[in-house]
Structures are given as C-alpha cells and as structure tokens.
Amino acid sequence: MGKYEAGNWPPYNVKAIEQNIRLVLRTGDIRKLNGKTYHVISQHMGFIAHYSLAGFGDEYQDIEEFRRKLQTSEMSRDYNHTTLQAVREETDSDFNTWYGPAYQRSKAAAMKAIIRAARTRWCKECSKEVETQFGEPLPEGLCEQCTAKKVAAQPVCPKCGKKIERLRLYEDAEVLFNLSVDGTGQLVYDRKDIIYGDGRQSIECPHCQQELFDDELKAMAFLNGAKQLELVKGT
Ligand SMILES: [Zn+2]
Ligand SMILES: [Zn+2]
C-alpha cells in the first residue's frame, strides 16, 4: 500500500506550510511560495488548476488578490468560504474514513494557518504582526502604537496650534514662455523655463497661512520634531 494507505494518509507538516505562507505574504513575493504550500492551496482551497507552481506565481503576482482568494477561493466572493471548507475537511466522516483523521486534521490546520496568514499584516515601521478581519491594509501601513507615536510626534504650528504634516514653501520665480500665434491667430504659450530669483523663500503653515520660516533647514528641523526654533522676524 505504501505511503497512501486508505484511512491512514500521512499528515501535512503544518508548521512548515505556515512558515512559508507567512514569508510570502510578509514579503509580498509570490516567488517565495514553495511546492508543499502550493500543493495545499491548489488541491484544497478552491483554486482552478494552474498546472504548475511557476504558472500559479505568474497568475498571482498581485499579492493582494492572492491574499483575498486564499479566503474566498476562486469560485466564491465569501471571505469565509475557505474557512468553512477547512471545518468540513476536519469533520466530514467520509473524508476521515477514506484518508484518516491525522491527514484530515493536518489538512484543516494547514488551511486555517494559511487563512490566518492572509489576515495578518505586518507594521512597516516596527514589523509587529497585526490581526485584521479579512486582511485589510493597516492605515498608512502602521500598527496602532506606531500610528499613535507618529501623531504625538507631529509638529504643532506655533501660530495657530494646529498639527502640521506638511508646510508650504513659496519661492519667487519667473516663468518664461515662448509666445506665438497659431493658424487661427490665437496666442500659443509654450512654457520654456522657470527662472528662480534671489532664492528668498517663505515657508508657511498650511492651516493659518502665516509665515514660519525663511529657510529650508529650519523647516526640515521643525518637521523632524525640533522645538524652540526661531521663527521669521517681524511675524
Ligand atoms: Zn508598528
Ligand atoms: Zn498655523
């Protein structure tokens, strides 16, 4: 009978499969998908035959699409579709008789681990794992703690007290056009260049439009959280 004796199929290595799918989703690189994980996905998770691991990789270069289909399968739009399938694998008495409970349990566990990975996001700042409902992206790619830290570190306008994410920079310049007329006698403006003046800059708060700084280095320090910066004189 060999390895695949009826009612006693060998179980999957769930841990190895989980590690591999997490690597694929964390890096966003479908080429990291290995044969064993591909086998579980293509055989048991409602994917139409893609014939080879390479062909499958071509189909799912869009990792967000892949993430979604791991939950819905290719046949459904229900985000709980493959979860229900996993439960069925575990509990169906015919399957358990034909293949054996160890195999069925490991299959269901591998499917659930893959779905769990599809619903996991990694904070781009601290790499922390975040469980989501259906794998939706984190706001700005950040976990809650990193978002809170970012908001707390955001500079505040010394004039109006509002949080500032970006400043406005004005610089004197002249715009050079070539001016001609077209076949119907209308003017044609052909923009050729921007000619900067004496380099004087005015850097303003986007909320109250008051000038805060007149040089970029101070603006950079301000946006990086430096306090007690000297403001432009006379404002
Ligand atoms: Zn974080
Ligand atoms: Zn302001």
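Calculation notes
- Residues numbered from 1 in each chain as written.
- Chains lettered and ligands numbered in written order.
- Predicted model: local features only at pLDDT ≥ 70, side-chain atom pairs only at ≥ 80, totals over all residues.
- Helix = DSSP H or I, 4+ residues; strand = E, 2+ residues; numbered from the N terminus.
- Rg over C-alpha atoms; globule rule 2.2 N^0.38 Å.
- Contact = placed C-beta atoms within 7 Å.
- Domains from an automatic or database assignment.
- Buried ≥ 20, exposed ≤ 12 C-beta atoms within 10 Å, placed from the backbone.
- Pairing = 2+ DSSP bridges.

**Some remarks on the overall build of the chain**
So, point 1. Helix and strand content of the chain: 9 helices and 5 strands.
So, point 2. Start at the N end of the chain and walk to the C end: the helices and strands fall as α-α-α-α-α-α-α-β-β-α-β-β-β-α.
So, point 3. Relative to the globule expectation of 18 Å for 235 residues, the C-alpha radius of gyration of the chain, 29 Å, shows a markedly less compact shape.
So, point 4. Dimensions of the chain, computed from C-alpha atoms along their principal axes, come out at roughly 90 × 60 × 25 Å.
So, point 5. Counting only contacts in the chain whose residues sit at least 6 apart along the sequence, the fraction spanning at least 24 positions is 49%.

**Some thoughts on the domain arrangement of the chain**
So, point 1. When the domains of the chain are assigned, the result is domain 1 (14-118) and domain 2 (154-223).
So, point 2. With centres defined by C-alpha atoms, the gap from domain 1 to domain 2 works out at 52 Å.

**Some words on the pairing of strand β3 (residues 168-181)**
So, point 1. Counting buried residues along β3, only 0 of its 14 residues qualify, which leaves the element largely exposed.
So, point 2. Inspection of the sheet shows β3 paired to strand β4 (residues 187-204) by 13 bridges, in the antiparallel sense. By the bridge assignment, Leu169 is partnered in β4 with Ile203.
So, point 3. Remark: 5 residues form the turn of the hairpin made by β3 and β4, two consecutive strands paired antiparallel; Gly185 in that turn has positive phi of roughly 85°.

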